[in-house]
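If you want the building blocks of each chain, they are given just below.
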Amino acid sequence: MKRQTKFNRRGSGFSWRAFAFSLAVYVLGMATTIFGSQNLVLYYAGIALIAVGAIAVSTAVVDGLLSVTRAFRTALALAALGIIAYVIWTTVAP
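Residues numbered from 1 in each chain as written. Predicted model: local features only at pLDDT ≥ 70, side-chain atom pairs only at ≥ 80, totals over all residues. Heavy atoms only, no water.

Peer 1: What is the right way to read the overall build of the protein from this model?
Peer 2: Summing up its helical and strand segments, the protein has two helices and zero strands in all. Relative to its 94 residues, the protein shows a buried fraction of 16%. Contacts spanning at least 24 positions in sequence make up 63% of the contacts within the protein whose residues lie at least 6 apart. Looking at the protein as shown, the accessible area adds up to about 7,900 Å², and 73% of this sits on carbon and sulfur atoms. (Helix = DSSP H or I, 4+ residues; strand = E, 2+ residues; numbered from the N terminus. Buried < 20%, exposed > 50% of the residue type's maximum accessible area, 1.4 Å probe, protein only. Contact = heavy atoms within 4.5 Å. Areas by Shrake-Rupley, 256 points an atom, 1.4 Å probe, with all protein chains shown as cover.)

Peer 1: What should I look at first to understand helix H2 (residues 40-92) in this one?
Peer 2: Each α-helix winds once per 3.6 residues, and so residues spaced three or four apart point in a common direction. Across its 53 residues, H2 extends 78 Å between first and last C-alpha, which sits within 8% of the 78 Å expected from 1.5 Å per residue. Residues of H2 that are buried include every one of Gly46, Gly53, Val57, Ala60, Asp63, Gly64 and Ser67, and no others. Its side-chain oxygen at 3.2 Å from the backbone nitrogen of Val41, Asn39 defines the N-terminal cap of H2. (Expected span 1.5 Å × (residues − 1). Polar contact = N/O pair within 3.5 Å; in protein donor to acceptor, adjacent residues only side chain to side chain.)

Peer 1: I'm lost on the side chain of Thr32 in this one. Help?
Peer 2: With respect to the secondary-structure elements, Thr32 resides in helix H1 (residues 16-35). Of note is the side chain of Thr32, whose polar atom sits 2.7 Å from the backbone oxygen of Leu28. Beyond its immediate chain neighbours, meaning those up to four positions away, Thr32 contacts Leu42, Gly46 and Leu49.

Peer 1: How should I be thinking about the packing of H1 against H2 in this particular structure?
Peer 2: When two helices pack together, their arrangement is given by the angle between the helix axes and the distance between those axes. Between H1 and H2, the shortest axis-to-axis distance is 7 Å and the interhelical angle comes to 155°. One element, H1, and the other, H2, form an angle in the roughly antiparallel class. For H1 against H2, the interelement crossing comes out left-handed. The class makeup of the residues in the contact of H1 with H2 is 17 nonpolar, six polar and no charged. (Axes fitted to C-alpha atoms, helices over the stretch in contact; angles between N-to-C directions. Parallel < 35°, antiparallel > 145°, perpendicular 65-115°, else oblique. Left-handed = near helix turned anticlockwise from the far one by under 90°. Nonpolar A, V, L, I, M, F, W, Y, C, P; charged D, E, K, R; others polar.)

Peer 1: Help me understand the packing of aromatic side chains in this model?
Peer 2: When we look at a pair of aromatic rings, we describe it by the centre distance and by the angle of the planes. One pass over the structure, following the stated rule, counts two aromatic pairs. Aromatic pair Tyr43 and Tyr44: ring centres 5.4 Å apart, planes at 70°, arrangement edge-to-face. Classification of Tyr43 by relative accessible area gives partly exposed; the value is 30%. You can call Tyr44 exposed: its relative accessible area is 52%. (Phe/Tyr/Trp six-rings, centres within 6.5 Å; stacked < 30°, edge-to-face > 60°.)

Shown next as C-alpha coordinates:
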(Lines give C-alpha, C1' and ligand atoms only; values in the text may rest on other atoms or scores of the structure.)
Protein backbone atom coordinates (compact mmCIF):
# COMPACT_ATOMS: atom_id res chain seq x y z
CA MET A 1 0.00 0.00 0.00
CA LYS A 2 1.10 3.53 -0.72
CA ARG A 3 1.50 5.99 2.05
CA GLN A 4 -0.63 9.06 1.54
CA THR A 5 0.71 12.39 2.62
CA LYS A 6 -1.55 15.11 3.88
CA PHE A 7 -1.31 18.49 2.25
CA ASN A 8 -1.82 21.40 4.58
CA ARG A 9 -2.76 24.40 2.43
CA ARG A 10 -3.49 26.64 5.39
CA GLY A 11 -0.81 29.25 5.81
CA SER A 12 1.46 27.92 3.11
CA GLY A 13 2.74 31.40 2.39
CA PHE A 14 2.46 33.92 -0.39
CA SER A 15 4.05 33.03 -3.69
CA TRP A 16 4.55 35.67 -6.36
CA ARG A 17 4.87 32.92 -8.97
CA ALA A 18 1.46 31.45 -8.09
CA PHE A 19 -0.13 34.89 -7.99
CA ALA A 20 1.37 35.92 -11.35
CA PHE A 21 0.37 32.65 -13.02
CA SER A 22 -3.20 32.81 -11.71
CA LEU A 23 -3.49 36.46 -12.76
CA ALA A 24 -2.19 35.53 -16.22
CA VAL A 25 -4.86 32.82 -16.52
CA TYR A 26 -7.50 35.35 -15.49
CA VAL A 27 -6.31 37.93 -18.04
CA LEU A 28 -6.09 35.26 -20.74
CA GLY A 29 -9.67 34.31 -19.98
CA MET A 30 -10.77 37.93 -20.27
CA ALA A 31 -8.96 38.32 -23.60
CA THR A 32 -10.44 35.08 -24.93
CA THR A 33 -13.92 36.17 -23.89
CA ILE A 34 -13.57 39.62 -25.45
CA PHE A 35 -11.89 38.63 -28.70
CA GLY A 36 -13.77 35.34 -29.08
CA SER A 37 -17.21 36.84 -28.67
CA GLN A 38 -18.16 35.86 -32.23
CA ASN A 39 -17.37 32.20 -31.57
CA LEU A 40 -19.38 30.62 -28.77
CA VAL A 41 -16.78 27.95 -28.04
CA LEU A 42 -14.07 30.57 -27.47
CA TYR A 43 -16.49 32.70 -25.48
CA TYR A 44 -17.37 29.89 -23.06
CA ALA A 45 -13.74 28.76 -22.87
CA GLY A 46 -12.87 32.33 -21.86
CA ILE A 47 -15.52 32.30 -19.17
CA ALA A 48 -14.12 29.01 -17.86
CA LEU A 49 -10.60 30.49 -17.80
CA ILE A 50 -11.91 33.54 -15.94
CA ALA A 51 -13.52 31.28 -13.33
CA VAL A 52 -10.38 29.19 -12.86
CA GLY A 53 -8.18 32.29 -12.75
CA ALA A 54 -10.43 34.01 -10.21
CA ILE A 55 -10.32 30.97 -7.92
CA ALA A 56 -6.54 30.76 -8.24
CA VAL A 57 -6.06 34.50 -7.59
CA SER A 58 -8.27 34.36 -4.51
CA THR A 59 -6.38 31.30 -3.23
CA ALA A 60 -3.04 33.07 -3.68
CA VAL A 61 -4.33 36.19 -1.89
CA VAL A 62 -5.77 34.16 1.01
CA ASP A 63 -2.48 32.26 1.37
CA GLY A 64 -0.68 35.60 1.49
CA LEU A 65 -3.04 36.98 4.13
CA LEU A 66 -2.65 33.85 6.25
CA SER A 67 1.13 34.10 6.10
CA VAL A 68 0.95 37.78 7.11
CA THR A 69 -1.30 37.02 10.08
CA ARG A 70 0.99 34.18 11.14
CA ALA A 71 3.98 36.54 11.02
CA PHE A 72 1.98 39.18 12.91
CA ARG A 73 1.13 36.69 15.66
CA THR A 74 4.80 35.77 15.96
CA ALA A 75 5.76 39.44 16.16
CA LEU A 76 3.17 40.05 18.88
CA ALA A 77 4.44 37.09 20.90
CA LEU A 78 8.04 38.33 20.62
CA ALA A 79 6.96 41.84 21.58
CA ALA A 80 5.17 40.49 24.66
CA LEU A 81 8.30 38.57 25.64
CA GLY A 82 10.35 41.74 25.16
CA ILE A 83 8.01 43.75 27.37
CA ILE A 84 8.15 41.10 30.08
CA ALA A 85 11.95 40.99 29.88
CA TYR A 86 12.13 44.80 30.09
CA VAL A 87 9.85 44.90 33.14
CA ILE A 88 11.93 42.22 34.86
CA TRP A 89 15.17 44.02 33.90
CA THR A 90 14.01 47.38 35.26
CA THR A 91 12.55 45.85 38.42
CA VAL A 92 15.64 43.82 39.30
CA ALA A 93 18.20 46.49 38.33
CA PRO A 94 19.17 48.81 41.24
